[in-house]
Amino acid sequence: MKILIVGGGGREHAIAASVARSQKADKIYCAPGNAGIAQIAECVPIGPMEFDKIVSFAREKEIDLTIVAMDDPLVGGLVDELEAAGLRAFGPRKNAAVLEGSKAFSKELMKKYHIPTADYATFDSAEEALAYLESADFPIVLKADGLALGKGVLICQNLQEAKEGVRTIMLDKQFGNAGNRLVIEEFLTGREVSVLSFVDGKTIRPMTSAQDHKRAGDGDTGLNTGGMGTFSPSPFYTKEVDEFCKKHIYQATVDAMAAENREFKGIIFFGLMLTEKGPRVLEYNVRFGDPEAQVVLPRMKNDIIEVMEACMDGRLDTIDLQFEDNAAVCVVLASEGYPVKYEKGYVIKGLEKFEGQDSYFCFHAGTKQTSEGIVTNGGRVLGVTAKGKDLKEARKNAYTAAGWVFFDHKYMRHDIGKAIDEA
Ligand code: AMP
Ligand code: GLY
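Bear in mind the structure is a predicted one, so any value in this text is a computation, not a measurement.

1. Digging into the sheet that holds strand S2 (residues 27–32)
Here is step 1 of the chain: The strand order across the open sheet built from five strands is S3-S2-S1-S4-S5, with neighbouring strands paired in parallel fashion. Edge positions in the open sheet fall to strand S3 (42–43) and strand S5 (89–90), since each of these has one partner strand only.
Here is step 2 of the chain: Bridge analysis of strand S1 (residues 2–7) against S2 gives six bridges, and the strand direction is parallel. Bridging from a neighbouring strand, Leu 4 pairs with Tyr 29 of S2.
Here is step 3 of the chain: Contacting S1, S2 and strand S4 (65–68), helix H1 (residues 10–21) runs over the sheet at an angle of about 170° to S1.

2. Thoughts on the site of ligand 2
Here is step 1 of the chain: Every residue close to ligand 2 is listed here: Asp 212, Gly 226, Phe 269, Asn 285, Arg 287, Gly 289, Asp 290, Pro 291 and Glu 292.
Here is step 2 of the chain: With respect to ligand 2, the side chain of Glu 292 contributes an N or O atom lying 2.7 Å from a nitrogen atom.
Here is step 3 of the chain: Class assignment for the residues of the shell around ligand 2 results in two nonpolar, three polar and four charged.

3. Observations concerning the pairing of strand S17 (residues 327–335)
Within a regular strand, the side chains alternate between the two sheet faces.
Here is step 1 of the chain: Among the nine residues of S17, nine are classified as buried, and the element is accordingly described as predominantly covered.
Here is step 2 of the chain: Sheet topology note: the S17/strand S21 (residues 380–388) ladder contains eight bridges and is antiparallel. In the sheet register, Leu 333 faces S21, and the bridge partner there is Leu 382.
Here is step 3 of the chain: Across two bridges, S17 lies against strand S22 (residues 410–411) in antiparallel orientation.

4. A word on the sheet that holds strand S6 (residues 120–123)
Here is step 1 of the chain: An order of S6-S9-S7-S8 is seen for the four strands of this open sheet, with the pairing classed as antiparallel. One side of each edge strand has no neighbouring strand; the edge strands of this open sheet are S6 and strand S8 (153–156). Geometrically, the sheet is characterised by an average inter-axis angle of 20° between neighbouring strands, direction not taken into account.
Here is step 2 of the chain: The pairing of strand S7 (residues 140–144) with strand S9 (residues 182–186) spans five bridges and is antiparallel.

5. Re the nonpolar core
Here is step 1 of the chain: If you look at the biggest cluster of nonpolar residues, it comprises 50 residues, and the most contacted ones within it are Leu 4, Leu 82, Leu 99, Tyr 250 and Leu 272.
Here is step 2 of the chain: The residues touching Leu 4, leaving out its near neighbours within four places in the chain, are Tyr 29, Cys 30, Ala 31, Ile 54, Phe 57, Ala 58, Ile 63, Leu 65, Thr 66 and Ile 67.
Here is step 3 of the chain: Core analysis: the next-biggest nonpolar cluster, separate from the first, contains 45 residues, Ile 3, Ala 69, Ala 210 and Met 312 among them.

6. What about the packing of aromatic side chains?
Here is step 1 of the chain: Evaluation of the coordinates by the stated rule reveals nine aromatic pairs.
Here is step 2 of the chain: Centroid distance Phe 198 to Phe 288: 6.1 Å. Interplanar angle 80°. Geometry classified as edge-to-face. Highlighted residues: Phe 198 in strand S10 (residues 191–200) and Phe 288 in the loop between strand S16 (278–285) and helix H10 (293–296), separated in sequence by 90 residues. You'll find Phe 198 and Phe 288 in the same group, each marked buried.
Here is step 3 of the chain: Taken together, the ring pairs in this structure connect Tyr 250, Phe 270 and Tyr 284 into an aromatic cluster.
Here is step 4 of the chain: A cation over an aromatic ring shows up here: Arg 191 above the ring of Phe 236, its NZ or CZ 3.7 Å from the ring centre.

7. Structural notes on the pattern of salt bridges
Here is step 1 of the chain: Taken as a whole and assessed by the stated rule, the structure comprises 22 salt bridges.
Here is step 2 of the chain: Between Arg 413 and Asp 415 there is a salt bridge, and its shortest N-O distance comes to 2.9 Å. By the burial criterion, Arg 413 is buried, and Asp 415 matches it.
Here is step 3 of the chain: Connected via shared salt-bridge partners are Lys 24, Arg 88, Glu 309, Asp 313 and Arg 315.

8. Comments concerning the side chain of Lys 143
Here is step 1 of the chain: Its location among the elements puts Lys 143 in strand S7.
Here is step 2 of the chain: By relative accessible area, which is 7% here, Lys 143 ends up buried.
Here is step 3 of the chain: Of the polar contacts made by the side chain of Lys 143, one reaches the side chain of Glu 185; its length is 3.1 Å.
Here is step 4 of the chain: At a separation of 3.0 Å, a polar atom in the side chain of Lys 143 contacts the main-chain carbonyl oxygen of Leu 282.
Here is step 5 of the chain: If sequence neighbours within four positions are ignored, Lys 143 has contacts with Lys 103, Gly 152, Val 153, Arg 181, Leu 182, Val 183, Glu 185 and Leu 282.

9. Considering the packing of helix H5 (residues 94–101) against helix H6 (residues 103–112)
Here is step 1 of the chain: Where H5 meets H6, the closest approach of the two axes is 6 Å, and the angle between their N-to-C directions is 95°. Classified by the angle between their axes, H5 and H6 sit roughly perpendicular to one another. Taken together, the residues of H6 that come into contact with H5 (itself represented by Val 98, Leu 99 and Gly 101) are Lys 103, Phe 105, Ser 106 and Leu 109.
Here is step 2 of the chain: Here the residues of the contact of H5 with H6 sort into four nonpolar, two polar and one charged.

10. Some details on the environment of Lys 410
Here is step 1 of the chain: Mapped onto the elements, Lys 410 comes out in strand S22.
Here is step 2 of the chain: The class of Lys 410 is partly exposed, set by a relative accessible area of 23%.
Here is step 3 of the chain: C-alpha separation for the pair Lys 410 and Thr 370, spaced 40 residues apart in sequence, amounts to 19 Å.
Here is step 4 of the chain: For Lys 410, the contacting residues outside a window of four places in its chain are Leu 333, Ala 334, Ala 402, Gly 403 and Val 405.

11. Here we look at the packing of helix H7 (residues 126–133) against helix H8 (residues 159–171)
Here is step 1 of the chain: Running from amino to carboxyl end, H7 crosses H8 at an angle of 165°, the nearest separation of the two axes being 10 Å. When the interaxial angle is binned, H7 and H8 end up roughly antiparallel. Of the two elements, H7 crosses H8, and the hand of that crossing is right-handed. For the pair H7 and H8, the contacting residues are Ala 126, Ala 129, Leu 130 and Leu 133 in the first and Leu 159, Ala 162, Lys 163, Val 166, Met 170 and Leu 171 in the second.

12. A few points about the site of ligand 1
Here is step 1 of the chain: Taken together, 14 residues form the shell around ligand 1, and within it Glu 185, Leu 188, Glu 192, Lys 214 and Glu 283 come nearest.
Here is step 2 of the chain: A distance of 3.4 Å separates an oxygen atom of ligand 1 from a polar atom in the side chain of Lys 103.
Here is step 3 of the chain: One of the side-chain N or O atoms of Glu 283 is found 2.8 Å from an oxygen atom in ligand 1.
Here is step 4 of the chain: Considering ligand 1 on its own, with 470 Å² of exposed area, one finds that the protein chains cover 90% of that surface.
Here is step 5 of the chain: In the shell around ligand 1, the residues fall into seven nonpolar, no polar and seven charged.

Calculation rules
- Residues numbered from 1 in each chain as written.
- Chains lettered and ligands numbered in written order.
- Predicted model: local features only at pLDDT ≥ 70, side-chain atom pairs only at ≥ 80, totals over all residues.
- Heavy atoms only, no water.
- Pairing = 2+ DSSP bridges.
- Helix = DSSP H or I, 4+ residues; strand = E, 2+ residues; numbered from the N terminus.
- Contact = heavy atoms within 4.5 Å.
- Axes fitted to C-alpha atoms, helices over the stretch in contact; angles between N-to-C directions.
- Near = heavy atom within 4 Å.
- Polar contact = N/O pair within 3.5 Å; in protein donor to acceptor, adjacent residues only side chain to side chain.
- Nonpolar A, V, L, I, M, F, W, Y, C, P; charged D, E, K, R; others polar.
- Buried < 20%, exposed > 50% of the residue type's maximum accessible area, 1.4 Å probe, protein only.
- Core = buried A, V, L, I, M, F, W, Y, C linked by side-chain atoms within 4.5 Å.
- Phe/Tyr/Trp six-rings, centres within 6.5 Å; stacked < 30°, edge-to-face > 60°.
- Lys NZ or Arg CZ within 6 Å of the ring centre and 35° of its normal.
- Salt bridge = Lys/Arg side-chain N within 4 Å of Asp/Glu carboxyl O.
- Parallel < 35°, antiparallel > 145°, perpendicular 65-115°, else oblique.
- Left-handed = near helix turned anticlockwise from the far one by under 90°.
- Areas by Shrake-Rupley, 256 points an atom, 1.4 Å probe, with all protein chains shown as cover.

As far as function goes, none of this settles anything; it's purely spatial.
Structure follows, in structure tokens:
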């Protein structure tokens, strides 16, 4: 088969690596890809929102399967456009991708179908939101309705902060049209866990659990980022939690989408908070997480193309999804100053150490090939993943491998997976 992957970060590199292991893949393309992906796929300079160019390319090259890995093109309807052109695509259609594209939609869905989540209210005007806050409890959470590069969530400690937040989102439009509507939500406490799953419209197969580290600094300090590292599985995702989620959350979400005539095929990523009262859904994403994919996919035993085809054909019930009985940790190597201000263009050394390894992976996020070699080209530069027989060993291995790579202004957290010591 000829496969096209849409995207160009660490997640797409992890997907490409899984696709490269598939018996079914003969040729892999990636749009736009990056310097790491270019080692296993042919990268084409087409952006993820250039739908016409993607469709033309897929037609011209007779692509058998396009994997749309990113939120923006999914929410924008790339899968619909590919299908309209008679092409096969993996990912939800536009009417189902709204599960991530609109927080107001997802909250309403959960309320209607009794899926456990934080209490909330939705507002179309700043005036009403400000009035509501006068009698609210704090801390409180403000969420811009639409996609905001993972930055549209503000946790506000008091009334003044919350009022400023409403102005930032709804009046100053810091996140653009994503802030036309606002969800105001109860603040939950507990441990966060990510569970990704394959969905075929009716059946859902959850993958092994993972945990992200969103803050830039050690000890969960500093600004929110796209993710500074992950580990899998989460020792806090117990059998009891799994049973609760299977009973009240996973299938319920798939059934709710079907009942709304928004049949969901693709990946649902459940962002869960394990509260004292039980698991609650914090958010849905309609794609693999980044960097969650970088610890989950290397542990998957199945042929990823077989699973994806089963999703598209509605026969996921025939798939026995299996993961290795081990653990993986991913440490993100970033450019100093990320997520605010950082420099690019520094030569990366040590990448050859990963060649021929099967328990160590160096997924590229922001890298570029130049005449001087591979250079840094983004805030998150690389995701260094290592496996181990358990989380402790995986963590040790990941930090050893993180030391194999050098570039100027390299920055990483030193406590990825430290939480496992408390388990
Ligand atoms: P989201 O984009 O909805 O995942 O939100 C980003 C982050 O904000 C989450 O990973 C949580 O750490 C935090 N968050 C979101 N909603 C809540 C909530 N209701 N209570 C506490 N923290 C939250
Ligand atoms: N790591 C969180 C996300 O991909 O949204």
